Amino acid sequence: MRERWLRVTCIVFATVASAAAGGSLCAQSAGRATEVKQTLLWRKLEAEVARIDRAHDGVMGVVIRDLTSGDELLVNADEIFPTASTIKIAVLAELYRQSKAGRLKLTDLYVVRAEDVVDGSDIVAGLTPGITRITYRDLATMMVAVSDNSATNILIDRVSADSVNAMLARFGLRETRLRRKMMDLKAAAEGRENTATPREIVLLLDSLYRNRVVDSARTADLFTVLATHKDSYIPRLLPEELRIANKPGSLEAVRNDCGIVFVPRRPFAICVMTTFDRDEHAAERAIGEIAGAAYAYFDRVARASRYGRVVSPR
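Residues numbered from 1 in each chain as written. Predicted model: local features only at pLDDT ≥ 70, side-chain atom pairs only at ≥ 80, totals over all residues. Heavy atoms only, no water.

### Points about the side chain of Thr197
Next up, step 1: Position of Thr197 relative to the elements: it lies in the loop between strand S6 (195-196) and helix H8 (198-209).
Next up, step 2: A polar contact is formed between the side chain of Thr197 and the backbone nitrogen of Glu200, at a distance of 3.0 Å. (Helix = DSSP H or I, 4+ residues; strand = E, 2+ residues; numbered from the N terminus. Polar contact = N/O pair within 3.5 Å; in protein donor to acceptor, adjacent residues only side chain to side chain.)

The following block contains the structure:
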């Protein structure tokens, strides 16, 4: 009965001098209808993520944040996971923060040394020690695009692990910590592991997105670096042309991928972390499936009318 009264009221208000008030009431009705439908669609996303989590033979943490509304999907969001190379997002953020503070320039040159080379350094290992000079921004691109561990360690030495952790603490991240350099197996064996929670990684990504870490120009450049094409898990089921700024990570029994998916008009942050993985390839597929389900939601919401109709340009 109330819905019928509301519809009649809208029609009446549209034909009298008080149309502005009626329009507002009609808009409120349409707004509620939109909210209800999007909530129902969001619940389907939650159910799909729960299904993928149940099928995963290991421990999984998931955070998906709508960067427009602030809504979040949470699965084991505050569990502490090994980060593997995903911690490199924090190193990248501190590099750009120090650039803004004037402590370094991204264009400063570094002369590669033979002692810089560690395992997992396909690019730096091929450079000429003592001769090759490379900018810190180029090292950051290597760190992200091919996860070059030598490039990462050079940047850690330049900005310092203490500074990375201090930056993380300032943004309220308590469990996300850089405790060792890349390929320091002795430190890892002693329990000095790089760690994070899915919620905290998304908080860092959100802070970057909203220019809270550095100014808008540096933020744009940081995301350009982070969006460099790479072999990762989030993009596997997503359109090739979609911009995705992410950093995966892998260790034995560990698979992670976290970043921002720039769906036009409806970007979202996502972090999926897994550990105790029985089948690492299955964990990679699970991350891709979760990202695919999230994209299906945000793409539809972005392109649809308030009633859910999509009118494609073609």
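Here the narrative resumes.
### A short note on unusual backbone geometry
Next up, step 1: Positive phi, normally seen in glycine, also occurs at Ala253, with a value near 70°.
Next up, step 2: Inspection of the secondary structure puts Ala253 in the loop between strand S7 (244-251) and strand S8 (254-261).
Next up, step 3: One non-glycine residue, Arg265, lies in the positive phi region at around 70°.
Next up, step 4: Looking at where Arg265 falls in the secondary structure, it is placed in the loop between S8 and strand S9 (268-275).
Next up, step 5: Given a relative accessible area of 62%, Arg265 falls into the exposed group. (Buried < 20%, exposed > 50% of the residue type's maximum accessible area, 1.4 Å probe, protein only.)

### Things to note about the confidence of the model for the protein
Next up, step 1: Averaged over the protein, the pLDDT score is 91; the fraction of residues at 70 or greater is 89%.
Next up, step 2: pLDDT under 50 marks residues 1-22. Its contacts with residues more than four places away, or in other chains, come to 13 contacts. (pLDDT = per-residue confidence, 0-100. Contact = heavy atoms within 4.5 Å.)

### So, the state of the cysteines
Next up, step 1: All told, the structure shown has one disulfide when counted by the stated rule.
Next up, step 2: Disulfide pairing places Cys258 opposite Cys271 at an S-S distance of 2.2 Å. One end of the pair, Cys258, is in strand S8; the other, Cys271, is in strand S9, with 13 residues separating them in the sequence. In terms of burial, Cys258 and Cys271 fall into one category: buried. (Disulfide = S-S within 2.5 Å.)

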